[in-house]
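Okay, here's what each chain looks like letter by letter:
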Amino acid sequence: MATDGPDPRARLAASRGLARRVRRERRATWFPLLVFAVVTFLAIPVTRNGHAVGLNCRALPVAGPPLARVCVAHNSAAFVYWPVALIVAYLVIAAFHLHRSRARGVAGRIGPYLVVGVLLAVAVTAGSVWASRTVLTGRYDIVGWHLLGRDVYQLVAPACAIGLALLVLAAIERSVALLLVTLAYLVVAVGGVDLGWRIAAPSPWTFVPHLVVAGGILLLASAGFAVAQRPRPRPGPPGG
Amino acid sequence: MTGHPVNGLDDVVHQRVRLGILTIAHEGRRVEFGYLRTTLDLTAGNLSQHLSTLENAGLVTIDKGYEGRRGRTWISLTRAGRAALRAEIRQLKQLIEQLERGSG
């Protein structure tokens, strides 16, 4: 039997306070967000300097003018850039966490994040290869969702891999704030939201608004977390 | 032995500093000796004593090594340590419930 300590409420509160404090000191949410923002912004010059290859067309399966058809092509540079950039991003994030855990003296669980990250990068590559060879023209029912062809392409886009990796990070860090930011990012990036900024074809920059908006959300969130998680003077030892 | 939650509390875990060590170790994959010492505001000797108690009870593992020329000691929670911490928190909650029922 143990009777050390005056009040179990104080003991439990002290334990919870300590857990919160360690969690807060361990978090560095701003860094993965910054890395993914940089990866997204770097995709702009890469995509601009690539060229469309593997043009694949199919006539629309509806009554219409005889020339109505849908064509799919992939950008030669972006096709290689995204899988490589995502894997490099995960490695940089893992190295940062290792360095930080050594410096701070408390190491978090980065293993699950890395495993999911590499799996997502592989999935993005497989999804890109599939999307570049498949012309989707109809409606598709995927786990109860009714999607158009362009929606299916968004689901296998790199932005979806970034969003899913951030969801895993939110779960590992038990961060509600990161969960909310990630959901907002997924709505904008995967949903193709451009906030009203459009560059019409045949400009070679039509893809820019989407990447700028998605990267901008990541960058703003990174700055917000950097301010919120900046080092503070350490409180005294827990009581109870 | 009665069914009162106080009897379910483990002396090794319930002690204030040792509960703090287990709580901190639970939040990370592993924690460094110096981090525990500053967070819990202990002397090195005092912390070592508590760590020995936890290690002897099989609740933590202690790994000593070097990073460059600097010696470092890392502490990790064992599976038994995780279970003991969970049990302690459960007992504390039950004790609080009983206290609140008694005063209500």
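Residues numbered from 1 in each chain as written. Chains lettered and ligands numbered in written order. Predicted model: local features only at pLDDT ≥ 70, side-chain atom pairs only at ≥ 80, totals over all residues.

Caption draft 1: Representation of the overall build of chain B in the model. Each helix and strand counted, chain B has 5 helices and 3 strands in total. Along the chain direction, N to C, the helices and strands of chain B fall in the order α-α-β-α-α-β-β-α. Principal axes of the C-alpha set define a box for chain B whose edges measure 60 × 25 × 20 Å. Buried residues in chain B amount to 36% of all 104 residues. Considering only contacts in chain B between residues 6 or more positions apart, those separated by 24 or more positions represent 57%. (Helix = DSSP H or I, 4+ residues; strand = E, 2+ residues; numbered from the N terminus. Buried ≥ 20, exposed ≤ 12 C-beta atoms within 10 Å, placed from the backbone. Contact = placed C-beta atoms within 7 Å.)

Caption draft 2: Quick peek at the overall build of chain A. Helix and strand counts for chain A come out as 8 helices and 5 strands. Reading the helices (α) and strands (β) of chain A from amino to carboxyl end gives α-α-β-β-α-β-α-β-β-α-α-α-α. Looking at chain A as a whole, 29% of its 240 residues are labelled buried. Considering only contacts in chain A between residues 6 or more positions apart, those separated by 24 or more positions represent 70%.

Caption draft 3: How the structure looks around the pairing of strand 3 (residues 70–77) of chain B. All names here are of chain B. Alignment of strand 1 (residues 30–32) against strand 3, held across 2 bridges, turns out to be antiparallel. Following the sheet pairing, E32 is matched in strand 3 by W74. The pairing of strand 2 (residues 60–67) with strand 3 spans 8 bridges and is classified as antiparallel. Its bridge partner being in strand 3, T61 is matched across the sheet by S76. The hairpin turn running from strand 2 into strand 3, its antiparallel successor, is 2 residues long, and G68 in that turn takes a positive phi close to 70°. (Pairing = 2+ DSSP bridges.)

Caption draft 4: Structural view of the environment of G34(B). Residues and elements named next belong to chain B. Position of G34 relative to the elements: it lies in helix 3 (residues 33–40). When the 14 C-beta atoms within 10 Å are taken as the criterion, G34 is described as partly exposed. The sequence separation of G34 and W74 amounts to 40 residues, and the corresponding C-alpha distance is 9.1 Å.

Caption draft 5: Geometry of the interface of chain B and chain A. At the interface, 28 residues of chain B touch 25 residues of chain A. At the level of elements, helix 1 (11–14), helix 2 (16–27), strand 1, helix 3 and helix 5 (79–103) of chain B are the ones that each hand at least two residues to the side of chain B that touches chain A. The biggest single contributor to the side of chain B that touches chain A is helix 2 of chain B, with 6 residues. Its residues assigned to classes, the side of chain B that touches chain A comprises 11 nonpolar, 7 polar and 10 charged. Examined bridge by bridge, strand 3 (residues 106–107) of chain A and strand 1 of chain B share 2 bridges and lie antiparallel to one another. Paired with V106(A) across the two strands is V31(B), which belongs to strand 1 of chain B. (Nonpolar A, V, L, I, M, F, W, Y, C, P; charged D, E, K, R; others polar.)

Caption draft 6: Spatial organisation of the confidence of the model for chain A. Averaged over every residue, the pLDDT of chain A is 77; residues scoring 70 or more account for 71%. Mean pLDDT across the secondary structure elements of chain A bottoms out at helix 5 (residues 149–155) of chain A, with 59, and peaks at helix 2 (residues 30–49) of chain A, with 91. (pLDDT = per-residue confidence, 0-100.)

Caption draft 7: Focus on the packing of helix 2 of chain B against helix 4 (residues 44–56) of chain B. Residues and elements named next belong to chain B. Taken N-terminus to C-terminus, the directions of helix 2 and helix 4 make an angle of 70°; their axes are 10 Å apart at the nearest point. As far as their axial angle goes, helix 4 and helix 2 are roughly perpendicular. Seen along the crossing, helix 2 lies across helix 4 with a hand that is right-handed. Residues V17, R18 and I21 of helix 2 form the contact with helix 4, whose participating residues are H50, L51, T53 and L54. (Axes fitted to C-alpha atoms, helices over the stretch in contact; angles between N-to-C directions. Parallel < 35°, antiparallel > 145°, perpendicular 65-115°, else oblique. Left-handed = near helix turned anticlockwise from the far one by under 90°.)

Caption draft 8: Representation of unusual backbone geometry in the model. Within the chain, R174(A) stands out as a residue other than glycine whose phi angle is a positive 50°. Although it is not a glycine, D41(B) sits at a positive phi angle of roughly 55°.

Caption draft 9: Molecular detail of helix 3 of chain B. Residue and element names in this part refer to chain B. Among all positions in helix 3, only Y35, L36, T39 and L40 are buried. Down the axis of helix 3, the buried side of the element spans an arc of 110°, and every buried residue falls inside it. A positive phi of about 55° marks D41, the residue just after helix 3. (Arc of directions from axis to C-beta.)

Caption draft 10: Representation of the environment of E88(B) in the model. Positionally, E88(B) belongs in helix 5. Distance from E88(B) to D10(B), taken between C-alpha atoms, is 7.2 Å for residues 78 residues apart in sequence.

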